[in-house]
Amino acid sequence: MRYIPLTDDDRRAMLETIGVESVDDLFQDVPAAFRYPELQLPKPMTEMEIMRELDMIAAENANLREFASFLGAGAYNHFVPAIVDTIISRGEFYTAYTPYQPEISQGTLQAAFEYQSMVAALTGMEVVNASHYDGATAVAEAAIMAVNIQRHKRRTIVVSPTLHPQYREVLRTYVQGMDMKIIGDETHDNDFHALIDLADDDTALVIVQNPDFLGQLHTPQEMQDLADAVHAKGALLAVSTDPIALGLFKPPGQYGADIVTAEGQSLGNSLSFGGPYLGIFAFRMKHVRKSSGRLVGETVDAEGKRGYVLTLSTREQHIRREKATSNICSNQALNALAAAVYLAAMGKHGLRKVAELSWHKAHYAAQEIDKLADYQVIQDKPFFKEFVVQCPRPVAEINQYLLEEYGIIGGYDLSQDYPHLGHAMLLCVTEMNTREEIDDLVTALSEAARPPILLNLEAAS
Amino acid sequence: MKFDDYIYDLSSPGRTGVDLPEPDVPPTPIPEEFLREDLPLPELSLPQVTRHYLRLSQKNYAVDKGFYPLGSCTMKYNPKVNEWAVRLPGFANIHPLQHPHTVQGAMGLMYELQEMIGEIAGFDAVSLQPAAGAHGELTGVLIMRAAQLARGETQRHKVLVPDSAHGTNPASTSMAGFTAVEIPSDKDGNVHIEALKAALDDEVIGIMITNPNTLGLFESNIVEVCELVHEAGGLVYGDGANLNAIVGIVRPGDLGIDVMHFNLHKTFSTPHGGGGPGSGPVGVTAELAPFLPGPIVALNEAEDAYIWHYPEKSIGRIKSFYGNFGVMVRAYAYIKMHGAEGLRRVSETAVLNANYLQARLLQMGDYPVPYGHRFCKHETVAQGKIAGAEDVRTLDIAKRLIDYDFHPPTIYFPLIVHEALMIEPTETEDKETIDAFLDALDKIADEARENPDLLHEAPHHAPVRRLDEVRAARHPILIRLPSAKAASER
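Everything numeric in this text was worked out from a predicted model, so none of it was measured. Residue positions are given per chain, counted from 1 along the sequence in the order it is written. The order in which chains are written sets their letters, starting at A; the order in which ligands are written sets their numbers, starting at 1. Where local features are concerned, this predicted model is filtered to residues with pLDDT of at least 70; where side-chain atom pairs are given and counted, the filter is 80 or more; whole-chain, interface and lining totals use all residues. Hydrogens and water molecules were not included; the side-chain quantities draw on all heavy atoms of the structure.

1. Description of the overall build of chain B
- Helix numbering and strand numbering both begin at the N terminus, where a helix is a DSSP run of H or I of at least 4 residues and a strand a DSSP run of E of at least 2. Across its full length, chain B carries 14 helices and 12 strands.
- Note on method: radius of gyration uses C-alpha positions; expected globular size equals 2.2 Å times residues raised to 0.38. Computed over C-alpha atoms, the radius of gyration of chain B comes to 25 Å, within 12% of the 23 Å expected from 2.2 N^0.38 for 490 residues, which places it in the range of a compact globule.
- With the principal axes as the frame, chain B shows a C-alpha extent of 75 × 70 × 50 Å.
- When accessible area is computed with a 1.4 Å probe and restricted to protein chains, residues below 20% of their type maximum are described as buried, those above 50% as exposed, and intermediate ones as partly exposed. Residue burial in chain B is summarised as follows: out of 490 residues, 68% are buried.

Structure below.
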């Protein structure tokens, strides 16, 4: 076995030192009736064989290097410079554990501290933790943190209906045993006034998304007014955002957010079929001792040299056990490292340009699609890189046409989550989409509108 | 080693590390009112970025560098072919919301992984969605709660947690809205059966049990523990953190465990990444299968296609999309490379290595091994209490090990062992390495008696000296930006 170095001689010598005849003797405390089950698993494979198999499995998937895609809805196809993979492929980073021994973990710790700092700059917040699992669990942790900040006297969370549907679902899963109430998304009334009206003296937190799940942008003034109204009711405001958008737009930290969360995948992490991703979590310094997750702090060593350590760990499960602010142990350290390398490489100019390119291309696509007689772009508000298109027939049918005739992966079908929008598709355009792809999409949509279409109905279901 | 620059100190106005194309579409004006005034990110060239992170990496210890016997963390070798695999475009560049027909390969891999880990641990159904061990615990406890509620047993609110448990167990219990009740261990390190019996009543949801436990010992009363809890109407949660000791040896599901999380980043060799990403799939009995978080992958046999399936009484989604897919690919490859025989060999060797290490520690005599009268499983717990060096603590021994180029064991855990040194060698270490580690511990014991300050001041040969953690906590500096002062609490 190539990963196990012991030779037969080693085994003999070691068993002799232990004073037993065989390895079986070491398992005598395992109930005999259940010992050594016959596991029904495939035969072992050599490296050569597994590479061949994995190559074949991977080839069964339609990947975005070969297919043009306009799918977003919480996972984004943004450019990842090669440097990111070069760095996160270093064994020194990816084969280390959580930095419990800071003297030999300064690489991980400094990189995490720099991640915290760069994301603080991006979000306009005072503190950023070392990561949560993803954008959804970060929202759930924000809700729990807000209730802790309010010393459990306020237990209602008001969520906007345009917060990512999966984030709302995860939030409800997390708090189902916690005697908390989640309200606000029963209607599809995407109006801040409705949310503000719902907030009362039991409201711990109001959560909105900006740009929201449907791509729409709220102005900094609208956001500030929301924050003021929420604070006037004694509650806190959490904003779930898109880190790429923050390359261009005023960050939540500048319009009154108390907690900022985001899916950080688009910062240098591949789509990878939904994970591992990166839960960005930022907040105000005054709430640091109620916060969840790992925090890296700056300090000095015995010679006065600058160094970094995990800090404020008395909040955490390994010290505080059942009284911890969260149960989190492993987080998404390597994904946070990827985000840090991405932000350092992109820098202030690169990130702005990524955001601008996404804006221009998305708006070009929206304008061209809106010209089609059968399609209408729904546009109550400005949008960033995603927008909703009302389609003449079910989105699933249109997407099938796009895929089969043009090799285009179409947008997200909103009919499950927002049935009142009808045949609505959420399209996403980033810097990765060329004008040619967008023009093809427009042509394909135009054709897909015209009945009858020859459809493989079985596959469309 | 050279003092490293802080990333913002390398910044100069006008630099960038990535060139991006000009827009190939007519531009659309961006309303002024939305724009931010300043974006205080650093400005660096690509060579600077490369050198900065490469030099940072060199200040890390890692499995690829040397022995990392961090107890309960299973720091085994991470096969490089797995890293190759996750970077295949057919895995790395697929969107989670693509139509299932376009991702049958990925879904099939997930399905087969669900089946394989269910088979390995003796469970009927598996959800791959949880992102880490603690996340799996929360999932598992929520499943237990939902199952109890479905039975109409609303009075149950207590979860029993042995005093040797990881801190995540009581923390997950609290997060699920339950009360954690501690159960002491007996003199052999097992769950104290009489204490368990006394704690069992109709308010108990169940027990969270780690087996082998954090003392590295197999719970020899495990079948009885499960029976007692079941008789009281409770459920048994298995913390799979220490599964590396028993793959192919015994299946937790066969012993009476109802729900368990797996740490793919421990047992199944996926890299720890400096603290994640992990993956914490949850396996359950048929009775609990309807409560799993969804979606999971199911096989539609009529159409011979993989489909997304929401278990009918699901506790709900615990994470966006389907879990940490990239980690699943690695675990899949690992299991397929080993097969049943190879996995048993893994556990047998992990246990052999740990017992060899324990036997030699007992022979040396410098470090007490409080449960040394039993064979351990994948790890052994010693104590940093060296006779004749009473002012030397476990922390000093750990820091001195760094000077010998070893990663220290887990220290001060489990909490029930005073001055604990929890040592897990894993199966991927050779005998020479384990011997060298033991020789270092032997020398350190001598040093502790002859020159204790050598230990108190250790490490001497690390990138930094001992760091002031009290200062970091008392006056936290958690970010540093060039324009503003570092944020502080006041």
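2. Some details on the nonpolar core
- By convention a nonpolar core is built from buried Ala, Val, Leu, Ile, Met, Phe, Trp, Tyr and Cys residues, the set being connected through side-chain atoms within 4.5 Å. Counting 129 residues, the largest nonpolar core has A:L54, A:L414, B:L113, B:F268, B:L361 and B:Y367 as the members making the most contacts within it.
- Considering every element that reaches this core, the biggest residue donor is helix α10 (residues 325–364) of chain B, with 19 residues.
- Those residues in contact with A:L54, other than ones at most four positions away along the chain, are B:W84, B:A85, B:L88, B:F91, B:L109, B:Y332 and B:A333.
- Ranked by size, the runner-up nonpolar core spans 86 residues in total, among them A:V206, A:A227, B:L20 and B:V49. Throughout, a residue-residue contact means that at least one pair of heavy atoms, one from each residue, lies within 4.5 Å.

3. A look at the sheet that holds strand β5 (residues 235–240) of chain B
All names here are of chain B.
- Spatially, the 7 strands line up as an open sheet ordered β1-β7-β6-β5-β4-β2-β3, and their pairing is mixed. Edge positions in the sheet fall to β1 (125–127) and β3 (179–183), since each of these pairs with one other strand and no more. Taken pair by pair, the neighbouring strands of this sheet meet at an average axis angle of 25°, ignoring direction.
- Judged from the 3 bridges that link them, strand β2 (residues 158–162) and strand β4 (residues 204–210) form a sheet pairing that is parallel. Pairing of V159 across the sheet is with G206, part of β4.
- The axes used here are C-alpha line fits, helices contributing only the stretch in contact, and every angle between their N-to-C directions lies in the interval 0 to 180 degrees. On top of the sheet, helix α5 (residues 133–150) reaches β4, β5, β6 (259–262) and β7 (282–284); it is set at about 170° to β5, its chief contact. Strand pairing is defined by DSSP finding a minimum of two bridges between the two strands.

4. Structural notes on the confidence of the model for chain B
- The quantity known as pLDDT measures the predictor's confidence residue by residue, on a range of 0 to 100. Here chain B shows a mean pLDDT of 96. Residues at 70 or above account for 98%.
- The low-confidence segment residues 484–490 of chain B (pLDDT under 50) makes 15 contacts with residues lying over four places distant or belonging to another chain.

5. What to know about the packing of aromatic side chains
- Only Phe, Tyr and Trp rings take part, Trp by its six-membered ring, and two of them pair if their centres are within 6.5 Å. Stacked means planes under 30 degrees apart, edge-to-face means over 60, and tilted covers everything else. Summed over the entire model, instances satisfying the criterion amount to 25 aromatic pairs over all chains.
- Ring centres of A:F249 and B:F34 lie 6.2 Å apart, and the angle between their planes is 70°; on these two criteria the pair is classed as edge-to-face. On the criterion of chain membership, the pair formed by A:F249 in the loop between β6 (236–241) and β7 (259–263) and B:F34 in the segment before α1 (46–57) is interchain, its members lying in two chains.
- Take B:F34: its relative accessible area is 2%, and that puts it in the buried class.
- One aromatic cluster in this structure is built from A:F273, A:Y277, B:F91, B:W308, B:F321, B:Y322 and B:F325.
- Just above the ring of A:Y76 sits the side chain of A:K385; from NZ or CZ to the centre is 3.8 Å. Look at NZ for Lys and CZ for Arg. If either is within 6 Å of the ring centre and within 35 degrees of the ring normal, a charge sits over the ring.

6. Regarding unusual backbone geometry
- For the bond running from B:G294 to B:P295, omega is 5°, close enough to zero to count as cis.
- With respect to the helices, strands and loops of the structure, B:P295 is situated in the loop between β7 and β8 (296–300).
- Cis geometry is found at the peptide bond from B:A458 to B:P459, where omega equals 0°.
- Within the secondary structure, B:P459 sits in the loop between α13 (452–456) and α14 (469–474).
- Phi is positive for A:L312, which is not a glycine, with a value near 50°.
- By secondary structure assignment, the location of A:L312 is in the loop between β10 (306–310) and α10 (317–320).
- Overall, the relative accessible area of 4% leaves A:L312 in the buried class.
- Residues other than glycine seldom take positive phi values, yet B:S269 does so here, at roughly 70°.
- Along the chain, the position of B:S269 falls in the loop between β6 and β7.

7. Points about the side chain of A:Q101
- Assignment of secondary structure puts A:Q101 in the loop between α4 (91–94) and α5 (106–123).
- On the basis of relative accessibility, which here comes to 3%, the residue A:Q101 falls in the buried class.

8. Comments concerning the interface of chain A and chain B
- Taken together, the contact pairs 189 residues of chain A with 209 residues of chain B.
- Throughout, buried area stands for the accessible area (probe radius 1.4 Å) lost by two parts on being put together, summed over both. When residues of chain A are sorted by the area they lose upon contact with chain B, A:E103, A:F273 and A:R321 head the list and together hold 6% of the total.
- Every case where a carboxyl oxygen of Asp or Glu lies within 4 Å of a side-chain nitrogen of Lys or Arg is listed as a salt bridge. One can count 15 salt bridges joining chain A with chain B.
- Of the charged contacts, one joins A:K361 and B:D24 as a salt bridge, the two residues approaching to 3.0 Å between their closest N and O atoms.
- Examining the composition of the side of chain A that touches chain B, we find that 26 residues originate from one element, helix α11 (residues 333–370) of chain A, more than from any other.

9. Comments concerning the sheet that holds strand β15 (residues 424–428) of chain A
All names here are of chain A.
- Taking strand neighbours across the sheet as the criterion, the 4 strands line up as β11-β12-β15-β14 in an open arrangement whose pairing is antiparallel. Of all strands in the sheet, those bounded by a partner on one side alone are β11 (376–378) and β14 (412–413).
- Note that strand β12 (residues 386–390) and β15 share 5 bridges and pair antiparallel. Looking across to β15, one finds that E386 is bridged to C428.

10. Here's the deal with the domain arrangement of chain A
- A domain assignment, automatic or from a database, supplies the domain bounds used here. Each assigned domain of chain A is listed here: domain 1 (8–51), domain 2 (68–77 + 347–460) and domain 3 (82–342).
- Taking the mean C-alpha position of each, domain 1 of chain A and domain 2 of chain A sit 55 Å from one another.

11. Observations regarding the pairing of strand β9 (residues 296–300) of chain A
All names here are of chain A.
- Taking burial as the measure, the 5 residues of β9 include 5 buried ones, the bulk of the element.
- For β9 and β10, the ladder comprises 5 bridges, and the chain directions are antiparallel. Paired with V296 across the strands is L310, a residue of β10.
- As consecutive antiparallel partners, β9 and β10 are separated by 5 residues, and within that stretch G304 has a phi angle of approximately 85°, a positive value.

12. Description of the environment of A:P44
- Tracing the backbone shows A:P44 in the loop between α1 (8–18) and α2 (47–59).
- Setting aside anything within four residues of it in sequence, one finds A:P44 in contact with A:E49, B:K336, B:M337, B:H338 and B:G339.

13. Here's the deal with the side chain of A:N77
- Mapping A:N77 onto the fold places it in the loop between β1 (68–69) and α3 (82–88).
- In this view, A:N77 contacts A:L64, A:L271, A:T430 and A:M432; residues no more than four positions away in its chain are not counted.

14. Focus: the pattern of salt bridges
- Applying the stated criterion across every chain, the model contains 53 salt bridges over all chains.
- A:D179 is the salt-bridge partner of A:R155, the closest N and O atoms lying 3.7 Å from each other. Of the two residues, A:R155 sits in the loop between α6 (135–149) and β3 (156–159) while A:D179 sits in the loop between α7 (165–175) and β4 (181–183), which places them 24 residues apart along the sequence.
- Ionic pairing is found between B:R344 and B:E348, a salt bridge with its closest N-O pair at 2.9 Å. Of the two residues, B:R344 and B:E348 both sit in helix α10, 4 residues apart, roughly one turn of that helix.
- Among the residues examined, B:E348 registers a relative accessible area of 10% and is labelled buried.

15. Focus on α10(B)
All names here are of chain B.
- How far a helix is expected to stretch is found by multiplying one less than its residue total by 1.5 Å. Its 40 residues place the ends of α10 only 45 Å apart at the C-alpha level, less than the 58 Å of an ideal helix rising 1.5 Å per residue.
- Of all the 40 residues making up α10, 34 are buried; the element is thus mostly covered by neighbouring parts of the structure.
- G365, located one to two residues past α10, shows a positive phi value of around 80°.

16. With respect to helix α13 (residues 435–449) of chain A
Residue and element names in this part refer to chain A.
- Between its first and last C-alpha, α13 extends 21 Å over 15 residues, near the 21 Å set by a 1.5 Å rise per residue.
- Along α13, the residues classified as buried are I438, L441, V442, A444, L445, A448 and A449.
- Where α13 is buried, its residues contact α11, α12 (395–406), β13 (408–409) and β15.

17. So, the environment of B:F67
Residue and element names in this part refer to chain B.
- Position of F67 relative to the elements: it lies in the loop between α1 and α2 (80–86).
- Residues F67 and H272 lie 205 residues apart in sequence; the distance between their C-alpha atoms is 15 Å.
- Discounting residues that sit within four places of it in the chain, F67 has contacts with Y61, F406, H407, P425, E429, T433, I434 and F437.

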